[in-house]
Amino acid sequence: MSNHNNETFVFDGKTKLFTIVLMVIGAVCLGWSYISGPEDMHHMRFWTNYLHNSVFFTGIAFTAVLFLAAHALAWGGWVAMFKRIPEAIMSFLWVGAILFLILGIAIYMHANGTELLYLWNNQDYLNVESANFDPLAFHKSAFVNPIAYLLTVVVVLAWTFFAVMFRKISINEDSTPYVVTTDNPVPENVRKNRIYAAAFLPIGGFSSAYVIWQWVMSVDTHWYSTLFAWYVTVSMWVAMMAMTFMLIIFLRGRGLLQKFTDEHMHDIGKYIFGFSVFWTYLWFSQFMLIWYANNGEETQYFFIRFEQFKVVFFANLLMNFVGPFFILMMNNSKRTLGTLGFVAGLVFIGHWVDFYQMIKPGVWYNYEHAQHLSHAGHGDHGDTHSENTYHINEAPKAVLTTYQDDQHGHDHGNDHSNGDDVNTNAEHNHDTHTDNHNHDDHATTDAGHDHDDNHGHAAAGHDDHAHGDHAHHAEPQFLLGVHFPGALEIGTMLGFLGLFLFVTFTALSRAPLYPPNDPYILESEHYDTGIGPERDAH
């Protein structure tokens, strides 16, 4: 067995081939998602898959920097034994900057499909002269716009700078013996590391909220939550801890990380358990307050996810709370490699699903915007600006998630069938349409006029058309790849995972896994949580 002081990971040809195969699978699936699908979806599946995985893996790299900075300031010496793993993970940040530079340029150039990704990128909604003018999107466009989106690349590059400095200091420690004197009680490398950590935490904390608002929350342009940035960051954090432990299992399987013990594993398990509970607290706090207030502008976010994305909605809670909570509740499960490895894999996939349900329903919501407007027949009405503004902004839940409207429509139809004849209630029908849809003045004609002129006939025809629409949308539409991940989504995720592992493994192979001169390495070697079979026996 080799000396653990010289442990080095070799990124061999077989492992490289594996990551390259994953990348090829991902490229094929991403390319296929671009050329497939209905024409009116404008490559919606491609852009959502690209955004979803770019945010997910870039977020994991960001929280790796956050992890190292927090432990540097808190003097968390127990992480020294495996710190080279988060150091390698954070090297993906420069790739994330490139990914979002590509997406930002596409948004700036108004590439086909990006108007569905973000409503604020649809010029028709921002044009005050347009019949489809959206005042809310126009108002928010001062903050969410192509230039502001491109500035997120600058933020990621700033994170990358801190990641490079942390890595540089860590590597320098390997060739600089740890010496403490009365004149120099804190070694230079340790002092620099803490300075960068102290600077990064507030910068990373505030800037991460900015990029999360731009990347994810602005997908639902008509909605916002003050808890959202916290929620997303914690989701990234748990995914990062899960990825860290899965990489530890991989390296241990190769005979490396010999000094990694059950004590380290126990604390990683506590991190996954504790932050899974914290994630659930944030999820419930956001959900409960919105549900209790019952404000249509806020409830639309959860309404569409609950009504049209039920499987993803509940799978998110099962994988990210129920599973880790009940499995890791016992101490022994945190100290069992297979059990903790299973939970790590579960929550990693679970938080990928979490980001799926953050992004896909919002873009589907935007797609239904476009479909509603294209079938609204606004060119035939007198006050089209008022009508469309109402539909888009005043009642987005009722318009964009048709399920509730459809159920109401069927109940309304049943009431008519059990009452008087429909023709004798034509005036009531016109009043209803006038109140809810702001139709033209012809909708105010009485029942007798309906039978005598063309405008009345058109109004009655609109009633029939609306009834036909309700019949057509009686059940929520289900599309694989939208309402539930399909093969292209899974394949794209594997491709991004392959790219992520390629970058991470490359960084891992460039430095010894064991940092001999880390000031906390001896503490980490002999780390003891005070929990275990030996202590329990006493």
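Up top is the structure these notes are about.
All of the points below concern the structure found in this document. (Residues numbered from 1 in each chain as written. Predicted model: local features only at pLDDT ≥ 70, side-chain atom pairs only at ≥ 80, totals over all residues. Heavy atoms only, no water.)

1. As for the environment of K270
Quick note on the threshold: For helices the rule is a DSSP run of H or I covering at least 4 residues; for strands it is a run of E covering at least 2, with both sets numbered from the N terminus onward. Distance and chemistry together define a polar contact, namely a pair of N or O atoms within 3.5 Å, with one atom able to donate a hydrogen and the other to accept it when in protein, and with adjacent residues in sequence counting only for side-chain atoms on both sides.
Of note, K270 is situated in helix α11 (residues 262-293). For the pair formed by K270 and M329, sequence separation is 59 residues and the distance between their alpha carbons is 9.2 Å. A polar side-chain atom of K270 sits 3.0 Å from a polar atom in the side chain of D267.

2. Quick notes on the layout of surface pockets
What counts is decided by this rule: A pocket here means an open set of points on a 1 Å grid, computed over the protein atoms alone, that has protein on both sides within 12 Å along at least five of seven lines. A cavity is instead a set of points where a 1.4 Å probe fits but cannot get out; residues with an atom within 4 Å of a point line either one. Grid points are joined across faces, edges and corners, and a volume is the space filled by probe spheres set on the points. In this classification, Asp, Glu, Lys and Arg are treated as charged, Ala, Val, Leu, Ile, Met, Phe, Trp, Tyr, Cys and Pro as nonpolar, and every other residue, Gly included, as polar.
When its volume is computed, the second largest pocket comes out at roughly 400 Å³. Considering the residues around the second largest pocket, the lining is formed by 18 residues, among which L66, G205, S208, W230 and T233 are closest to the centre. Mapped by element, the contributors of at least two residues to the lining of the second largest pocket are α2 (44-73), α9 (188-215), α10 (228-253) and α11. Its residues placed into classes, the lining of the second largest pocket shows 14 nonpolar, 4 polar and no charged.

3. Quick look at the side chain of S54
Rules: Buried means the residue's accessible area, taken with a 1.4 Å probe over protein chains only, is under 20% of the maximum for its type, while exposed means over 50%, and partly exposed covers the values in between. Only heavy atoms enter the contact rule, under which two residues are in contact if any of them lie within 4.5 Å.
With respect to the helices, strands and loops of the structure, S54 is situated in helix α2. On the accessibility criterion, S54 (0% relative accessible area) is buried. Here Y50 takes part through its backbone oxygen, which lies 2.7 Å from a polar atom of the side chain of S54. Residue contacts for S54: discarding those within four places in its chain leaves L99, F100 and F496.

4. Points about the pattern of salt bridges
So the rule is basically this: The rule for a salt bridge is simple: a side-chain nitrogen of Lys or Arg has to be within 4 Å of a carboxyl oxygen of Asp or Glu.
Evaluated as defined, the whole model comprises 13 salt bridges. Its salt-bridge partner being R45, residue E489 comes within 2.7 Å of it at the nearest N-O pair. With a gap of 444 residues between them, E489 in helix α22 (residues 487-508) and R45 in helix α2 connect regions that are remote in the sequence. Take R45: its relative accessible area is 22%, and that puts it in the partly exposed class. In this structure, D518 and K83 form a salt bridge, with 2.6 Å as the shortest nitrogen-oxygen distance. Linking D518 in the loop between α22 and α23 (521-525) with K83 in the loop between α2 and α3 (84-89), this pair joins segments that are 435 residues apart in sequence. The exposure class of D518 is buried, given its relative accessible area of 8%. K83 gets classed as buried once you look at its relative accessible area, which sits at 9%. Several salt bridges converge on common partners, so that one network encompasses R84, E87, R167 and D174.

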